[in-house]
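Observations on the model geometry
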Amino acid sequence: MLDIRIDSKSYGDQQVLGPLQLQLKQGEVVSLLGASGSGKSTLLSILAGLDREWRGSLQLNGAPLQGVHPAISLVFQEPRLFPWLTVAENLRFGLPSADDCGCELELLLAETGLQGLGRRLPKQLSGGQAQRAAIARGLMRRPRLLLLDEPFSAVDAFTRMKLQDLLLRIAAHHHLTILQVTHDIDEALYLSDRILVLPGGGGPLRGEFRLPPARPRSRGDASLQPLKHRILELLNLAEQAD
């Protein structure tokens, strides 16, 4: 679905990405891990068209990808809802009037566990509800690729598990391709079809791991512990390299 080639991305004299090549296939969930400063969030910004100061190329289904594209949505670490708009207004914000379908919005609110909350302001939501609203907003344009930048890091452990299961249901129902940044290896093992480990300071992938296709998975699956230890080793090596 998406071919990514980053030749170089730098901040001043500091290179953070490249040379890097990877592909995302339709319908897979991919987690991106790496040491702090390894360019994980920067890569999402490039794919979302928010960062154009880099060298390389992107192709979406064989066609060049430049700038913001309606098939790609980005959900940030914080919900970033407009505080003066209701939940429903946040979801509809920026949409052409032709796409402003109330029935579709209500279905999306129900799917993300926000039924009956469309008229509430963000300050009236819990942390988990606000993050659900951010995910729902990311789905309003019917994207094919959903980018997630640590979307569950600010919620409690129980809410995080519920949001992880919500994400898997949404991915299956909408046939989404998902690329998420996370620091939680257990989360990556639970959600992903593949796990990618970025190096620090640029360079090719430090590691790529495929997960068993069977779902649902058991959290803390003992059979995945050797893989967890291997990923931890790679992350420690990346930290030491920095």
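Residues numbered from 1 in each chain as written. Predicted model: local features only at pLDDT ≥ 70, side-chain atom pairs only at ≥ 80, totals over all residues. Heavy atoms only, no water.

1. Details of the overall build of the protein chain
Within the protein chain, the regular secondary structure consists of seven helices and eleven strands. Against the 2.2 N^0.38 benchmark of 18 Å for 242 residues, the protein chain shows a C-alpha radius of gyration of 18 Å, consistent with a compact globule. With respect to the principal axes defined by its C-alpha atoms, the protein chain has extents near 50 × 40 × 30 Å. Relative to its 242 residues, the protein chain shows a buried fraction of 51%. In the protein chain, once contacts between residues fewer than 6 apart in sequence are set aside, the share between residues at least 24 apart is 69%. Accessible surface computed for the protein chain: about 11700 Å², of which carbon and sulfur atoms make up 51%. When the 27 positive and 26 negative side-chain charges of the protein chain are each reduced to one mean point, those points stand 3 Å apart. (Helix = DSSP H or I, 4+ residues; strand = E, 2+ residues; numbered from the N terminus. Rg over C-alpha atoms; globule rule 2.2 N^0.38 Å. Buried < 20%, exposed > 50% of the residue type's maximum accessible area, 1.4 Å probe, protein only. Contact = heavy atoms within 4.5 Å. Areas by Shrake-Rupley, 256 points an atom, 1.4 Å probe, with all protein chains shown as cover. Lys, Arg positive; Asp, Glu negative; His and termini not counted. Charge placed at Lys NZ, Arg CZ, Asp CG, Glu CD.)

2. Structural notes on the nonpolar core
Core analysis: the biggest nonpolar cluster contains 34 residues, and L91, L125, L139, L146, L167 and I178 have the highest contact counts within it. Mapped onto this core, the elements with two or more residues apiece are α2 (87–92), α3 (102–111), α4 (127–139), β8 (145–149), α5 (157–174) and α6 (185–191). Counting residues in hydrophobic clusters, the runner-up holds 29 residues, among them I4, V16, L17 and L32. (Core = buried A, V, L, I, M, F, W, Y, C linked by side-chain atoms within 4.5 Å.)

3. Here we look at the pattern of salt bridges
Using the criterion set out here, one finds ten salt bridges in the structure. The closest approach of N and O atoms between R5 and D7, which form a salt bridge, is 3.0 Å. R5 sits in the partly exposed class, given a relative accessible area of 32%. Each of E28, R194 and E208 takes part in a single network of salt bridges with overlapping partners. (Salt bridge = Lys/Arg side-chain N within 4 Å of Asp/Glu carboxyl O.)

4. Quick word on the packing of aromatic side chains
Using the criterion set out here, one finds two aromatic pairs in the structure. Relative to W84, the ring of F82 lies with its centre 5.3 Å away and its plane at 40°, an arrangement referred to as tilted. Ring geometry for F82 against F93: centres 4.6 Å apart, planes inclined by 55°, an arrangement best described as tilted. Of this pair, F82 sits in the loop between β7 (72–75) and α2 while F93 sits in the loop between α2 and α3, placing them eleven residues apart in sequence. By relative accessible area, which is 26% here, F82 ends up partly exposed. A relative accessible area of 51% means that F93 is categorised as exposed. (Phe/Tyr/Trp six-rings, centres within 6.5 Å; stacked < 30°, edge-to-face > 60°.)

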